[in-house]
Amino acid sequence: MRYGIIGAGPIGSIISKKLVKIGHDVKIADARGIEHLEGKELAGTAVRVEDVIKNIDVLILSLPINVLPNIRNTIDQVGEAVIIVDTSNYYPFRNGKIEEIENGMVESVWVSNQLGRPIIKAFNNLLAYTLEHEEKSEDSSGRIAMAVAGNDPTQKHEIMEVVNKLGFDAVDSGSLSDSWRQQPGTPAYCTELTKDDLTKALKKANKEKAPLLRDKVMERLAELFAEKKEGEFSHKDIVNINREIYNS
């Protein structure tokens, strides 16, 4: 398949490397301009935003959620058959408060509305380290799972197949309106669960509690970062804190 990726941060860069490794054609762009890709170690072909959307089957958006409305004009030019994947997560302290989301709108529903296109939600409920280093073959025990949500069953199945090929079990987490179950503040978010456990975690999610638990995790992490010396804080520490608080 042919992929375009807008966003060369940790998640976008890792996805591009993994896709290239298994033989896919990948183009990657920076929404701010191609010059922002200079000096970065990237897989695939670095291109301008206007070129990343040409002749592709899947477009992966790996941008801060508050930036996504700025690329509406680009999305308007994307072919109707192209699957659009949203990897974003909403953190008010980082992205600024978005009124509709604060009032209860599901994050990826908001994104879809801003872009004027159906989207698939994926690659958001694993840490970058997990995505890069924790893949396993399909027959391995303890394989970590990733949640995939969306309204189009065919498009969702395509992305679930991609997830599987990248080394993770894929769990159908429902429609886009259900995607809040894999967002920050829920038991499914960055807790490195197997397929069975992720399925249970998605059902256990509490929409009202999620923002409070999300902020509680960020407060705990800030405290621990202040206490520990550099190199003493691992991604496993983050996973364990997420498990402790999101399951409370």
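For the structure, check the block above.
First things first, this report covers the structure right here in the doc. In this text the structure is predicted, and so the values were computed from the model without any measurement.

1. A look at the sheet that holds strand E6 (residues 120–121)
A sheet is described by the order of its strands in space; here 8 strands give the open sequence E3-E2-E1-E4-E5-E6-E7-E8, paired in mixed fashion. The strands lining the two open edges of the sheet, one partner per strand, are strand E3 (45–46) and strand E8 (169–172). As paired elements, strand E7 (residues 145–150) and E8 share 4 bridges and run parallel to each other. Across the sheet, valine 148 pairs through a bridge with aspartate 172, a residue of E8. Lying over the sheet, helix H9 (residues 195–204) contacts E7 and E8, oriented at roughly 25° with respect to E8.

2. What to know about the pattern of salt bridges
Scanning all chains against the criterion turns up 13 salt bridges. Among the ionic pairs, aspartate 57 bridges to arginine 2, the shortest N-O distance being 3.2 Å. Placement of the pair is aspartate 57 in the loop between helix H2 (49–52) and strand E4 (58–61) and arginine 2 in strand E1 (residues 2–6), with a sequence separation of 55 residues. Overall, the relative accessible area of 26% leaves aspartate 57 in the partly exposed class. Residue arginine 2 is classed as partly exposed on the basis of its relative accessible area of 37%. Arginine 32 is the salt-bridge partner of aspartate 30, the closest N and O atoms lying 2.9 Å from each other. Given the relative accessible area of 6%, aspartate 30 is considered buried. Arginine 32 gets classed as exposed once you look at its relative accessible area, which sits at 57%. Several salt bridges share partner residues, and in doing so they unite Arg48, Glu50, Asp51 and Lys54 into one network.

Parameters and conventions
Residues numbered from 1 in each chain as written. Predicted model: local features only at pLDDT ≥ 70, side-chain atom pairs only at ≥ 80, totals over all residues. Heavy atoms only, no water. Pairing = 2+ DSSP bridges. Helix = DSSP H or I, 4+ residues; strand = E, 2+ residues; numbered from the N terminus. Contact = heavy atoms within 4.5 Å. Axes fitted to C-alpha atoms, helices over the stretch in contact; angles between N-to-C directions. Salt bridge = Lys/Arg side-chain N within 4 Å of Asp/Glu carboxyl O. Buried < 20%, exposed > 50% of the residue type's maximum accessible area, 1.4 Å probe, protein only.

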